[in-house]
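Analysis of the macromolecular model
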Amino acid sequence: LDPSRWVDEHGDILYRFALLRVRHPETAEDLVQETLVTAVRSSGRFRGQSSARTWLVGILKHKILDHYRKIGRETPFTDLESLRDELPEKFADGYWNHDRGPADWGGRADDAVDRREFWQTLQNCLGKLPPRLADVFLLREMDDVAGPEICRTLQISESNLWVMLHRARLALRECLEIHWFGRKGAP
Amino acid sequence: VKRLRAALAEIVFLFTPNCRDMTRLISEARDRKMSLPTRWRMDLHLAACSFCRRYASQLAALHKFLGAPGAVDHLPAEAKLPEATREKIRRAVSDAG
């Protein structure tokens, strides 16, 4: 491990990840700094089973969770108001509208060449979600934080969390289908 | 055969959640253990409904993409740490080390 090279080797990656999560450049910069300082202090615990980057990203994920914990203490994290619309046009009497059910995605997102471009679309789609929905969605899907822990950390009820995750997934899937998998709205 | 399958699906749908409820349940099942009766009714619906099967597999694909260890390496590259911040962090790291 060579901490003097961390900023140059991993700084931008950590910064982009932090920025995706907290959306505020100065906060993201602070998180990167806290991450690297914590990493230096605990470098004795780095065992080398994973790459240095994976280890640093793991520390950053903890810092991000701490950041949300502070927000959760100050303001209610629950957001059930800003995305009430659960895509009514997709369903007829509760069943998928046959022209508008989920399209076949094939295997496109598995293709390494497409990954960066997919991320770009995904990032745009995440940007369209209400911020709190995007936050809990990424905690769950990217950081693999369990539901009960998210609830404790952000001080939200479990039933509210399930609703928020559901709305985030429904809206995100729809956005990706339109903008990445090329189905432009109604056929 | 097609008509028979459609008729079977109609019968299945009488006893299972509708697709709108299924999207909610499919999401929830990713995050917590569902009760056995709910799980059975979901499986029955999924067996009869290709749209809901797709929905479930697309949520799984999204998770796989986002949860992959190297996922962060592919984030769009335009954002960069400002040079002044780099310098500040370098100093903080060397002070802490």
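As a reminder, the structure under discussion sits directly above these lines.
Notes on the structure in this doc start here.

The rules behind the values
Residues numbered from 1 in each chain as written. Chains lettered and ligands numbered in written order. Predicted model: local features only at pLDDT ≥ 70, side-chain atom pairs only at ≥ 80, totals over all residues. Heavy atoms only, no water. Phe/Tyr/Trp six-rings, centres within 6.5 Å; stacked < 30°, edge-to-face > 60°. Helix = DSSP H or I, 4+ residues; strand = E, 2+ residues; numbered from the N terminus. Axes fitted to C-alpha atoms, helices over the stretch in contact; angles between N-to-C directions. Parallel < 35°, antiparallel > 145°, perpendicular 65-115°, else oblique. Left-handed = near helix turned anticlockwise from the far one by under 90°. Contact = heavy atoms within 4.5 Å. Nonpolar A, V, L, I, M, F, W, Y, C, P; charged D, E, K, R; others polar. Expected span 1.5 Å × (residues − 1). Buried < 20%, exposed > 50% of the residue type's maximum accessible area, 1.4 Å probe, protein only. Arc of directions from axis to C-beta. Core = buried A, V, L, I, M, F, W, Y, C linked by side-chain atoms within 4.5 Å.

A word on the packing of aromatic side chains. Evaluation of the coordinates by the stated rule reveals 10 aromatic pairs over all chains. When the ring of Trp96 of chain A is compared with that of Tyr55 of chain B, the centres are 5.9 Å apart and the planes differ by 40 degrees; the resulting orientation is tilted. With Trp96 of chain A in strand β2 (residues 95-96) and Tyr55 of chain B in helix α4 (residues 50-67), this residue pair bridges two chains. Here a set of aromatic residues connected by ring pairs shows up, and it is made of Phe91 and Trp96 of chain A together with Phe51 and Tyr55 of chain B.

The subject of this paragraph is the packing of helix α1 (residues 6-22) of chain A against helix α5 (residues 83-96) of chain B. Two numbers describe how α1 of chain A lies on α5 of chain B: the axes approach to 11 Å, and their chain directions differ by 125 degrees. Put simply, α1 of chain A runs oblique to α5 of chain B. Of the two possible hands of crossing, α1 of chain A and α5 of chain B adopt the one that is right-handed. Judged by residue contacts, Val7, Asp8 and Asp12 of chain A of α1 of chain A engage Arg86, Ile89 and Arg90 of chain B from α5 of chain B. Looking at the contact of α1 of chain A with α5 of chain B, its residues break down into two nonpolar, no polar and four charged.

Glancing now at α4 of chain B. With 18 residues, α4 of chain B extends 25 Å from end C-alpha to end C-alpha; this agrees with the ideal 26 Å at 1.5 Å per step. Every buried residue of α4 of chain B is listed here: Phe51, Cys52, Tyr55, Gln58, Leu59, Leu62, Phe65 and Leu66 of chain B. Down the axis of α4 of chain B, the buried set is contained in an arc of 145 degrees. They therefore lie on one face. In the core, the buried residues of α4 of chain B are packed alongside β2, α4 (115-128), α5 (131-141) and α7 (158-179) of chain A together with α2 (19-31) and α3 (36-48) of chain B.

What follows deals with the environment of Val37 of chain A. All names here are of chain A. Mapped onto the secondary structure, Val37 falls in helix α2 (residues 25-41). Taking relative accessible area as the criterion, Val37 reaches 12% and is therefore assigned buried. In this structure, the C-alpha to C-alpha distance between Val37 and Pro3, residues 34 residues apart in sequence, is 9.3 Å.

Look at α4 of chain A against α4 of chain B: their axes get within 12 Å of each other, and the N-to-C directions meet at 110 degrees. By the criterion of interaxial angle, the relationship of α4 of chain A to α4 of chain B is roughly perpendicular. Contacts between α4 of chain A and α4 of chain B involve Arg115, Phe118, Trp119 and Leu122 of chain A on the former and, on the latter, Leu62, Phe65 and Leu66 of chain B. Looking at side-chain class alone, the contact of α4 of chain A with α4 of chain B contains six nonpolar, no polar and one charged residues.

Formed by 70 residues in total, the largest nonpolar core has its most connected members in Leu36, Trp119, Leu122, Leu126, Val136 and Met142 of chain A together with Leu66 of chain B. With 10 residues, the single largest contributor to this core is helix α3 (residues 52-74) of chain A. The residues contacting Trp119 of chain A, other than those within four sequence positions of it, are Leu20 and Met142 of chain A together with Phe65, Leu66, Ala71, His74, Leu75 and Pro76 of chain B. Judged by nonpolar contacts, the second largest core, of 19 residues, contains Phe91 of chain A together with Ala9, Met22 and Ile26 of chain B.

Scope: geometric values only; no functional claims are made or implied.
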